[in-house]
Amino acid sequence: MKNVILLNLLLFPFLFTQTGLNAQGAWVEQATGAEPVSNQFLEGGDDCIGYAKKNSRYIRFFDVNSHKWATVDLQTEQVFKGMEAKGRVILAYTDEYIIGYSSITSSYDTLRYEGTPLFPHHNDLLHCSYGCIGRAAFFVTYTHFYVFDAELGKWQQYLYPAHPYDDGAIIFLRGNNYVGMIIPDHNDPENIVTNMAYSLPQHDVASYSNAGYPGWLNYTMTDYPMANGFVTWLFPTDEHIISLTGYCSASNHFSHVTIDSTTSFDFHTGLWSFPDKDKEKTVMAFVKNTLQPDGFVHQNFYAYNTTNGNWDSKEDAYYFKPNEESGYPVFLLGGSVAATSNLNYETNELSFYSYYAANGVFHQLGTDLVDGNGAGHSPQCVHNIVLGFDSTKVWMYNPPMNGAYFAHGFFDVSTDFIIGDQFIAVNMWHLSKELTHDKLHIYNTMTNKSRVIELEMHHNSIYPYLTDDFFAFIPPVPDAREGWFYSGLIDSLTQVSFNMSSHANYIDVKGRIGVAFSDNGLETFLYDANTGALTLLNTAFSSSLTGGNFFMFKEDQTMHVYNFTKQEFSEIQPGNMGNYWVGDTVGLVSDAQKKNYYAYNGFAGSWVPLAAEGYWTYNTQAFNKTAVVVRKDRIYAFDPFLVSGINETVNPDVSSFKLLQNRPNPFNGKTTISYILTKPGYVSLKIYDLHGNRVAVLVEKNQSAGEYRITYEAAGFPNGVYYYTLCFNNRTKTKKMVVVR
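Below, the structure is looked at part by part. (Residues numbered from 1 in each chain as written. Predicted model: local features only at pLDDT ≥ 70, side-chain atom pairs only at ≥ 80, totals over all residues. Heavy atoms only, no water.)

1. Here we look at the sheet that holds strand S15 (residues 171-174)
Now for step 1: The antiparallel open sheet is built from four strands, whose spatial order is S15-S16-S17-S18. With one partner strand each, in any of the chains shown, S15 and strand S18 (204-208) form the two edges of the open sheet. Strand-to-strand, the axes of this sheet are offset by a mean angle of 15°, without reference to chain direction.
Now for step 2: When strand S17 (residues 193-199) meets S18, the two strands line up antiparallel, connected through five bridges. Following the sheet pairing, alanine 197 is matched in S18 by alanine 206. (Pairing = 2+ DSSP bridges. Helix = DSSP H or I, 4+ residues; strand = E, 2+ residues; numbered from the N terminus. Axes fitted to C-alpha atoms, helices over the stretch in contact; angles between N-to-C directions.)

2. Overview of the packing of aromatic side chains
Each aromatic ring pair is specified by the distance between its two centres and by the angle formed by the two planes.
Now for step 1: Counting across every chain of the model gives 57 aromatic pairs.
Now for step 2: Measuring from centroid to centroid gives 6.5 Å for phenylalanine 473 and tryptophan 484, while their planes differ by 10°, and the two rings are stacked. With a gap of eleven residues between them, phenylalanine 473 in strand S41 (residues 470-473) and tryptophan 484 in strand S42 (residues 482-487) connect regions that are remote in the sequence. Each of the two residues, phenylalanine 473 as well as tryptophan 484, counts as buried.
Now for step 3: Their ring planes at 15° and their centres at 4.5 Å tell us that tyrosine 506 and phenylalanine 517 sit as a pair that is stacked. With tyrosine 506 in strand S44 (residues 504-510) and phenylalanine 517 in strand S45 (residues 513-518), this pair connects stretches of sequence that are eleven residues apart.
Now for step 4: Judged by relative accessible area, tyrosine 506 falls into the partly exposed class, the value being 36%.
Now for step 5: Assessed through its relative accessible area of 8%, phenylalanine 517 is described here as buried. (Phe/Tyr/Trp six-rings, centres within 6.5 Å; stacked < 30°, edge-to-face > 60°. Buried < 20%, exposed > 50% of the residue type's maximum accessible area, 1.4 Å probe, protein only.)

3. With respect to the side chain of serine 570
Now for step 1: In this fold, serine 570 is placed in strand S51 (residues 568-572).
Now for step 2: For serine 570, a relative accessible area of 14% gives the class buried.
Now for step 3: A polar contact is formed between the side chain of serine 570 and the side chain of tryptophan 607, at a distance of 3.2 Å.
Now for step 4: Those residues in contact with serine 570, other than ones at most four positions away along the chain, are Met559, His560, Val561, Tyr600, Gly605 and Trp607. (Polar contact = N/O pair within 3.5 Å; in protein donor to acceptor, adjacent residues only side chain to side chain. Contact = heavy atoms within 4.5 Å.)

4. Comments concerning the pattern of salt bridges
Now for step 1: The final tally for this structure, using the stated rule, is 14 salt bridges.
Now for step 2: Across the salt bridge formed by arginine 88 and aspartate 47, the nearest N and O atoms sit 3.1 Å from each other. Taken together, the residues span a long stretch of sequence, with arginine 88 in the loop between strand S7 (68-86) and strand S8 (89-94) and aspartate 47 in the loop between strand S4 (40-44) and strand S5 (48-53) at a distance of 41 residues. Just as arginine 88 is buried, aspartate 47 falls in that class too.
Now for step 3: When the shortest N-O distance is used, the salt bridge between arginine 57 and aspartate 73 registers 2.8 Å. Of this pair, arginine 57 sits in strand S6 (residues 55-63) while aspartate 73 sits in strand S7; the two residues are 16 residues apart in sequence, bridging distant segments of the chain.
Now for step 4: By relative accessible area, arginine 57 is classed as partly exposed at 28%.
Now for step 5: In this structure, a network of salt bridges that share partners links the residues Glu29, Glu613, Asp633 and Arg634. (Salt bridge = Lys/Arg side-chain N within 4 Å of Asp/Glu carboxyl O.)

5. Comments concerning the sheet that holds strand S19 (residues 229-234)
Now for step 1: The three strands lie next to each other as S19-S20-S21, forming an open sheet whose pairing is antiparallel. Lying at the two open borders of the sheet, with one neighbouring strand each, are S19 and strand S21 (253-260). Pairs of neighbouring strands in the sheet enclose a mean axial angle of 15°, with direction left out of account.
Now for step 2: As paired strands, S19 and strand S20 (residues 241-248) are joined by six bridges and run antiparallel to one another. Residue pairing for S20: threonine 232 is matched across the bridge by threonine 245.

This is the structure we're talking about:
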């Protein structure tokens, strides 16, 4: 590899950038004063940073959309108690104030809160009274419910509709676009529990009294909350009326149903089959069993869809005699499906009843599965798929494709499921000593296609290295010389083979990148799940880290990077090598003296140096789209979207031009980009993709003062996030737009 040594460094007030061709990105500095730094808060979201010293009147925010630091002056010295960042929002609170920051609007809002904070440091997130959900933050006192809406850039505040009776009684549900509260009130016999929620789509709160609890699925609600809403239920003391309440964030509406349980002998809530695999859980389902005078058991089904806020039901879905058939007592839940089963004792045949949220229909399914000898009586559900298996096959039903798939094989006890967003892989193995080959079935839920490979695994389970988009594994045999990658994005299976002097050691995976290491360090395969491409490294290195779109590895005093998006290598030699950090699209390298730093910009494929001033502290990190270096009296943030030599934070001539948000946004065909010039000058307007690649040039010429509207047609460009940058008289503004087909 060709060594790259960065020697030239341009110094601007508050700005440090690399010179040279293709340089992109800049360090932005902010003075922080001389307060002690032994206690400080530093958090990073997707594209933003929050920083505060514990005892200070200031808190500071940076985001890569505004390209500058924002300083919040609280007027008097505060004791900061906590800070959290997630997605595009940051929350901090002191003993007087709550402060929210939005990178969507590049703005902050402060509010002096009323009442005592409820229990912000509770060890269980289920009862922790402050936090972030990506586009909102919440903070709760004994009297008020506060929500910082990042899309509005301001705090909303609401009084409780009920009063908690002790610490830890309130349950907080952190959804993708809502914050829910389950508020018990044991002082009011007419209102046992109130459900309350803030809806991001509607930017408002709703509440419902005499509602319910999420029941004994609290762990699921905490770690893997339902998407777009939630469901609670309550079994009153008279045991005759079952109360079910559903919340839909799209409409910000609670809907309620009651079920007469006088004649029922049991009632069951649904169970998640793979709670950690379903990011979009939109279904909760229930089974009511009633014993009729004729000896038959009748099963009634109920399901709630959080996407549209509908309750659906099926009366007498199953009815059977207990000595001839059995109905499984609960629904198994997946992302947007639920299923239960029925077993015929005479034939041992299994049939399933499924519910699919997209059409709100309960549907009986024949499976050709036979109970016995390792069969699973209950179905399993994940994403849109209903699963079942017996001793010779696995059955999968895909409602969107209206089709079923059988994976045939032999196994004695169970199967191993490997599950991603677009695939389900089934490792079918047998304990017989005569059989040495096992089968791996891979089913792609998007293409409705499958593939089967036979592997010599000697009756061992596969240990997968797994992300949402792909998985990798090394066959569990001694001295394995091969590894496998499967990408659900492109439905592609790739084998890697090590030479005779190397064996497969382990595989590192992150996002859409996989790295397969040999035991002697002489061979390393880099895998790109976007394309299925393999790149071989024949370089021995001492350590490495994997980012979201790059692989960083250390060879002696040289730091190398392979950029998967650009399919190119680059390197840096900081002299005496220190530490290094990786985020999603940004990496960071320091020398041993913690004086010189080098940010790696995964969007542009460039290295951007920083000669940091001031006393070193321990707070140095790389986040998703930015990195930060903290000194005793200043802080540096790396912005991957600033162009070399441009500094908007120092005396910017913002009045000379204005770039407006494109409309419509998101768009699926054409959109209009508008800007205003207050004086004549040279204008360039360019479009970049999410990785920093230029995809279009709309304007490059001198223009007079005035307002301009440029139509941009995104024909031929895939869905995703794009940036449009207006450069006017050597000053730049950038905004984001989204293409949706």
